[in-house]
Amino acid sequence: MSDYRDEDPRIHGIRTKIRVVPNFPKPGIMFQDITTLLLDPKAFKDTIDLFVERYKGKNISVVAGIEARGFIFGPPIALAIGAKFVPMRKPKKLPGKVISQDYTLEYGRDRMEMHVGAVEAGDRALVVDDLIATERVGAEVVECACVIELPELKGREKLNGKPLYVLLEYYPEA
Amino acid sequence: MSAGTNEDPRILGIKTKIRVVPNFPKPGIMFQDITTLLLDAKAFKDTIDLFVERYKGKNISVVAGVEARGFIFGPPIALAIGAKFVPLRKPKKLPGKVISQDYILEYGRDCLEMHVGAVEPGERALVVDDLIATGGTLCAAMDLLERVGAEVVECACVIELPELKGRERLNGKPLYVLVEYY
């Protein structure tokens, strides 16, 4: 679900601040650049507020963010709802004992790691920006939360029924 | 200057949450792991509050954070003081036109990039990272901001390793840290 149709007035301001960069990192890709959103303090604050309003008081104990852009949105949400922040990182960045999750990309594979002990069985988790290993330690992934969805790539279907909440949808022009 | 000298009562709670991991990423290095700090919602909030209390109302319009751990601390500070957040990234991550700054590491070189147009001349900026060691990365960050005409007001880090003398490398720019590790 996205708030696209019952549009909170803040959404328009957020949408206009995202810059689309054609052919990055490869030809044919319309890259959604959120750095321009971060240059507008009000729009950035509105982005965080929309997520916080949705998740505050829902007993969420973990916000997990994927390196690196998940590190920008996850911590402010975690701080506002009183949850811990758990960084999900590329291999070999975390210094302690980790668990790993391989995943497939459009071309090839990658791997994501999380510290052992960061998340405990029974934690209720929000994943900001992407998917993760949290389920393997017995935590419950309550929802995945992203600023932007590219519906044509059908990522929502890959989440195996897990709810997805986004602020904006982007459809390339025909 | 460090907050440890007239110790705010929150500092001890923050210091105890930082985990030191020996021999990472190489033998002989005592790695300062801030991920354990992030697991304590109160200690993480205290960390941000200490910076926000220092910088609020000082007309700072830019908080620049160094990839990747600077992305964890910089945005909450930026949001609280009403500044924009500018990510400083490794090469080829930023999609738009960039300026680059090379810098020297203990072994080898690295490079930091910033989007053209993100920061304008005359803006007052903070540079945020989790830790200052030799100061090489922070110097590169300051160079990027100064090259576009911004004024770097201060560098802000959670942790300093004073023995590595990074503070001196900052060419007189002020440095503010919460915790020193010897």
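Going by the structure above, here's the rest.
Residues numbered from 1 in each chain as written. Chains lettered and ligands numbered in written order. Predicted model: local features only at pLDDT ≥ 70, side-chain atom pairs only at ≥ 80, totals over all residues. Heavy atoms only, no water.

J.: For this particular structure, what's the right way to read helix α3 (residues 41–55) of chain B?
T.: Since there are 3.6 residues in each turn of an α-helix, residues three or four apart along the chain are aligned in direction. Residues and elements named next belong to chain B. When the terminal C-alpha atoms of α3 are compared, their 21 Å separation across 15 residues agrees well with the 21 Å that a helix rising 1.5 Å per residue should span. Among the residues of α3, A43, F44, D46, T47, I48, L50, F51, V52 and Y55 are the ones counted as buried. Between the side-chain oxygen of the N-cap and the backbone nitrogen of K42 there are 3.0 Å, and the N-cap of α3 in question is D40. G57, located one to two residues past α3, shows a positive phi value of around 75 degrees. (Helix = DSSP H or I, 4+ residues; strand = E, 2+ residues; numbered from the N terminus. Expected span 1.5 Å × (residues − 1). Buried < 20%, exposed > 50% of the residue type's maximum accessible area, 1.4 Å probe, protein only. Polar contact = N/O pair within 3.5 Å; in protein donor to acceptor, adjacent residues only side chain to side chain.)

J.: So what exactly am I meant to see when it comes to the pairing of strand β7 (residues 124–128) of chain A here?
T.: Looking along a regular strand, one sees side chains alternate from face to face of the sheet. Residues and elements named next belong to chain A. For β7, the buried fraction is high: four of the five residues fall into the buried class. Both strand β3 (residues 62–66) and β7 contribute to a ladder of four bridges, which runs parallel. Across the sheet, the residue bridging to V62 is A125, located in β7. Inspection of the sheet shows β7 paired to strand β8 (residues 140–149) by five bridges, in the parallel sense. The residue bridging V127 from the neighbouring strand is C144, located in β8. (Pairing = 2+ DSSP bridges.)

J.: It is not clear to me how the pattern of salt bridges should be interpreted in this structure. Could you clarify?
T.: When the charged atoms of two side chains lie near each other, side chains of opposite charge can form a pair. Residues and elements named next belong to chain A. This structure, assessed with the given rule, holds 33 salt bridges over all chains. One salt bridge connects E120 with K84, and the closest N-O pair in it is separated by 3.8 Å. You can see E120 sitting in the loop between β6 (109–115) and β7 and its partner K84 sitting in strand β4 (residues 84–88), a full 36 residues away along the chain. Since its relative accessible area comes to 12%, K84 is described here as buried. (Salt bridge = Lys/Arg side-chain N within 4 Å of Asp/Glu carboxyl O.)

J.: How should I be thinking about the environment of R89 of chain A in this particular structure?
T.: Residues and elements named next belong to chain A. By the element assignment, R89 lies in the loop between β4 and β5 (98–104). Taking relative accessible area as the criterion, R89 reaches 7% and is therefore assigned buried. Along the chain, R89 and T104 lie 15 residues apart, while their C-alpha atoms are 16 Å from each other. Only 2.9 Å separates the side chain of R89 from the side chain of E67, close enough to count as a polar contact.

J.: Sorry if this is basic, but what is going on with unusual backbone geometry here?
T.: With glycine set apart, most residues show a phi of negative sign, and most peptide bonds adopt trans. Omega for the peptide link from F24 of chain B to P25 of chain B comes to 0 degrees, which places this bond in the cis form. One can find P25 of chain B in the loop between β1 (19–22) and β2 (30–33). Geometrically, the link from E67 of chain B to A68 of chain B is a cis peptide bond, its omega value of -5 degrees lying close to zero. For A68 of chain B, the position within the fold is in the loop between β3 (62–66) and α4 (70–81). Phi is positive for N23 of chain A, close to 60 degrees, though the residue is something other than glycine. Of note in this structure, K92 of chain A is not a glycine but carries a positive phi near 70 degrees. With respect to the element layout, K92 of chain A can be found in the loop between β4 and β5. By relative accessible area, which is 72% here, K92 of chain A ends up exposed.

J.: Any chance you could explain the interface of chain B and chain A here in plain terms?
T.: Quoted interface sizes are often the accessible area lost when the parts come together. At the interface, 34 residues of chain B touch 34 residues of chain A. Three residues, L39, L79 and P95 of chain B, lead the burial of chain B against chain A; their summed loss comes to 22% of the area buried on that side. Counting across the interface, chain B meets chain A through zero salt bridges. Counting across the interface, chain B meets chain A through six residue pairs in polar contact (both at pLDDT 80 or more). Put simply, the parts of the chain that give the side of chain B that touches chain A at least two residues each are β1, β2, α2 (35–38), α3, α4 and β4 (84–88) of chain B. It is α4 of chain B that contributes the most residues to the side of chain B that touches chain A, five residues altogether. Its residues assigned to classes, the side of chain B that touches chain A shows 21 nonpolar, four polar and nine charged. (Contact = heavy atoms within 4.5 Å. Buried area = accessible area lost by both parts, 1.4 Å probe. Nonpolar A, V, L, I, M, F, W, Y, C, P; charged D, E, K, R; others polar.)

J.: What is the right way to read the pairing of β3 of chain A from this model?
T.: All names here are of chain A. For β3, a buried count of five out of five residues is recorded, marking the element as mostly surrounded by other parts of the structure. What you see with β3 is no split at all: V62, A64 and I66 on one side and V63 and G65 on the other are buried throughout. With five bridges connecting them, β3 and β4 associate as parallel partners. When the sheet's bridge partners are listed, G65 is paired in β4 with P87.

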